Structure formats: structure tokens, C-alpha cells
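Residue-level listing of the chains:
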Amino acid sequence: MSSNPTEELWRLDPEVRAAYEAGPWLRVTPQSVAAIRAAGGVSKAAEIPDDVEVVPVDNEGVEGVIFRKKNAKKDAPLVVWFHGGGYIFGTPAMHGTLYLQFLEAGMSLFAPRYRLTPEHAFPAAHDDGIKAWDWATSGGALAYRLEPKKFVLGGTSAGGGLASTVALRLRDGKHPVQPTCMVLNIPWVAPAPLDGKPVPGCPSWTEVKFDKIWSLANGTYATDIFLPAGTPNPDKYAFAADHPSLHDLPKTIVCVAELDILRDSGINFAQRIMAESKNGAELHVYRGAYHGSTGATPGAAVSIAQDQDQVRFAKAAVGL
């Protein structure tokens, strides 16, 4: 049973409620980081079919994992996907259930490894993300039999925030290869309120109390170690929602969970893309879902819909 008296468990989708109630509390503190990492995060490991190969990458200073069908075309569109975990934990392979659906749609996928906090604060993860993108799009992936012509940029949670800031840096830096589209799943795009007070326009930070996976306490701790007080010249790329202009971002889908503290900042970010980028955005809010529910209950109808919407959007964008 839940020990949080402020939760309204009846609001959870019936198919995800049991997993939520049975799941452990994720309390991220300096003392718990090592144990959370050792446990591999919070998503269920995906069973890899016989027709899929998982290839470790360690090339030119870039690390990660490639997922592809054994009979995939070399020029299949490539998804570059950043994993979640609050910039603190997580592994490139942790969203395997979603990855396999991109493969079924005719794409291959590269999940880069990036440096984590508290050992490596901003901008380490962002620099790694740019390096991984440039490697994948400039021929580095040729060593792994990948010759894509179109690229999807995406990520989950902190990885969604990372993808959005990478997109901004690619745009502003005029990198030669830009994403065909961007897929943001429950993205963390704005800093948590360190004082714990309500944020105008983002009531979910303080009003949502489904805290087992990602609570306000976890968010404030993660924000504090990602962008420590006194960070010299923290710029507009730390959190994408802080960037003054989202013009010319690629066509984007933003998927948020109704019962997630990150819900409203994700919604606001999608609405800004709609208003500021000529390429537009698609926004989905999944009723009764919580942060990470797709990983905990991949077979629930609401989780399937959330995954399928992302794959459908990417597939259409790359012309499959």
C-alpha cells in the first residue's frame, strides 16, 4: 500500500495502479545513488527477439548501444535516443521496450552513454550528447554498418530534456545535419523549484503527489546537483524551457503523463514550439499515467498508446 496520504490512487489508470502501489519508493539522495545505479533504474528490461542485435559502441570517444534488426537496411533512418534517470542514473539500454517498436517500424536506434551527476555537472551530459550526435551523423556509425540519411532525435525524462537542448545547440551552432524530427517522452525541460514553492503556470510541480518514481524532492535534488549554485555563467542551454527562442526547432511530439510533476512544463514547452517554430508540435497527455509508468507497465493500454504515438510520429516524419 502507498504510504503517501496525499495520493489520490483512484486517479491512476486501473492497469498501472497495481504496479504503482507494489513498486518501491525511489528516493534519490547522496546515500542512495550508488544503490539505484546498481539496480539498473526503474524500467523493466526488455526481452530481445532473435531477429534483433544489440551492439555495444566504443568508438572515437563515443559510447552507447546500437539496436537494429539483423536484416535492417544500412540506410534505415536512425533514432538517437537519450535515456532517462534525472541525469543521475540510468543506462543506454533501459528503454528497450520502446526501442524495439522503433525497429519494427523500420528504423535503427543508437542510445548514447553520457556522463552523469553528481560526478559530472552541467554541461557534461550536453557536451556528450552533441558529440554523440555529430559522431552518428558524420560517418562515425559507418564502422557499425549504419549509413542513415535521416535522423530522429529523442529521449525520455532527463533524456528528453537533453534531446531538446541538443536540438537547440545544433540549431544555434548551425551543425550540418539537423534532426528530421524530435520525440520527447515525459521530458524534463525546466528546473525544479528549489524552494518548493508553486511555480506560476506549472502547478504540477507542487500539486501532483504521485511520488514513488519522481517526486518534487527528487527533482529539486537532481536540479541542484545538475546545475549547482554558483555554476559559472549557466547559460540558456541548461534547460530548454529557459531558452529565449524555440524558432526552427524540428517538428516535435511531446508526450506527458497526467500524474507527473513534469507534466505542465512539458505542456508549456510543446505550446511554445507550436507558437515559435514553423515546424510545429504535437502534444499528448496520457490520462491516469504517472512518471515512468510505460517502463513499469509496458503492457497497459495507456502505455502502449504512449509508445505507439511516438513511433507513429517518427515513422511519418522520416517517410516510412
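All of these numbers come straight from a predicted model, not from anything done at the bench. (Residues numbered from 1 in each chain as written. Predicted model: local features only at pLDDT ≥ 70, side-chain atom pairs only at ≥ 80, totals over all residues. Heavy atoms only, no water.)

A. Main features of the overall build of the protein chain. Each helix and strand counted, the protein chain has ten helices and eight strands in total. Taken against the 2.2 N^0.38 rule, which gives 20 Å for 320 residues, the C-alpha radius of gyration of the protein chain at 18 Å falls within 12% of a compact globule. Across its three principal axes, the protein chain shows a C-alpha extent of roughly 55 × 45 × 40 Å. By the burial criterion, 57% of the 320 residues in the protein chain qualify as buried. When contacts within the protein chain are restricted to residue pairs at least 6 apart in sequence, long-range pairs at least 24 apart make up 77% of them. (Helix = DSSP H or I, 4+ residues; strand = E, 2+ residues; numbered from the N terminus. Rg over C-alpha atoms; globule rule 2.2 N^0.38 Å. Buried < 20%, exposed > 50% of the residue type's maximum accessible area, 1.4 Å probe, protein only. Contact = heavy atoms within 4.5 Å.)

B. Broad picture of the sheet that holds strand β1 (residues 52-59). Taken in spatial order, the eight strands make up an open sheet running β1-β2-β4-β3-β5-β6-β7-β8, and their pairing is mixed. Taken across any chain shown, the strands that pair with only one partner, and hence form the sheet edges, are β1 and β8 (281-290). Strand after strand, the sheet turns through a mean of 20 degrees between neighbouring axes, direction not considered. Direction of pairing for strand β3 (residues 78-82) relative to strand β4 (residues 108-112): parallel, over a ladder of three bridges. Considered in β4, the bridge of L78 is made with S108. Packing of helix α5 (residues 158-172) onto the sheet brings it into contact with β3, β5 (151-156) and β6 (181-185), and relative to β5 it is tilted by some 140 degrees. In the packing of helix α8 (residues 263-276) onto the sheet, contacts are made with β6, β7 (251-259) and β8, and the angle to β7 comes to roughly 155 degrees. (Pairing = 2+ DSSP bridges. Axes fitted to C-alpha atoms, helices over the stretch in contact; angles between N-to-C directions.)

C. Looking closely at the environment of A316. Here A316 lies in helix α10 (residues 301-317). Taking the C-alpha atoms as reference, A316 lies 10.0 Å from A105; in sequence the two are 211 residues apart.

D. Molecular detail of the pairing of strand β2 (residues 62-69). Summarising burial for β2: seven of the eight residues are buried, a large majority. The turn linking β1 back onto β2 is made up of two residues, and E60 within it adopts a positive phi angle of 55 degrees. Across four bridges, the pairing between β2 and β4 is antiparallel. Bridging across to β4, G64 finds its partner in P112.

E. A look at the layout of surface pockets. Approximately 240 Å³ is the volume found for the second largest pocket. E63, R113, Y114, R115 and D128 are, among the 13 residues lining the second largest pocket, the residues nearest its centre. Elements supplying a minimum of two residues to the lining of the second largest pocket: β2 and α4 (124-137). Counting residues per element, the lining of the second largest pocket draws most heavily on α4, which supplies three residues. For the lining of the second largest pocket, the residue count by class is five nonpolar, three polar and five charged. (1 Å grid on protein atoms, 1.4 Å probe; cavity = no way out; pocket = protein on both sides within 12 Å on 5 of 7 lines; lining within 4 Å. Points joined across faces, edges and corners; volume = space filled by probe spheres on them. Nonpolar A, V, L, I, M, F, W, Y, C, P; charged D, E, K, R; others polar.)

F. The pattern of salt bridges, seen in detail. Applying the stated criterion across every chain yields a total of 17 salt bridges. Residues R17 and E21 are paired through a salt bridge, measuring 2.9 Å at the closest nitrogen-oxygen approach. Here the residue R17 and the residue E21 both occupy positions in helix α1 (residues 14-22), the gap between them amounting to four residues, near one helical turn. Here E282 ties to R312 by a salt bridge, and the two come within 2.5 Å at their closest N and O atoms. You can see E282 sitting in strand β8 and its partner R312 sitting in helix α10, a full 30 residues away along the chain. Residue E282 is classed as partly exposed on the basis of its relative accessible area, which comes to 23%. When salt bridges with common partners are traced through the structure, they connect E8, R11 and E258 into a single cluster. (Salt bridge = Lys/Arg side-chain N within 4 Å of Asp/Glu carboxyl O.)

G. Structural view of α5. Look at α5: 21 Å from first C-alpha to last across 15 residues, which is about the 21 Å you get at 1.5 Å a residue. Taken across its 15 residues, α5 has 13 buried, putting it largely inside the fold. (Expected span 1.5 Å × (residues − 1).)

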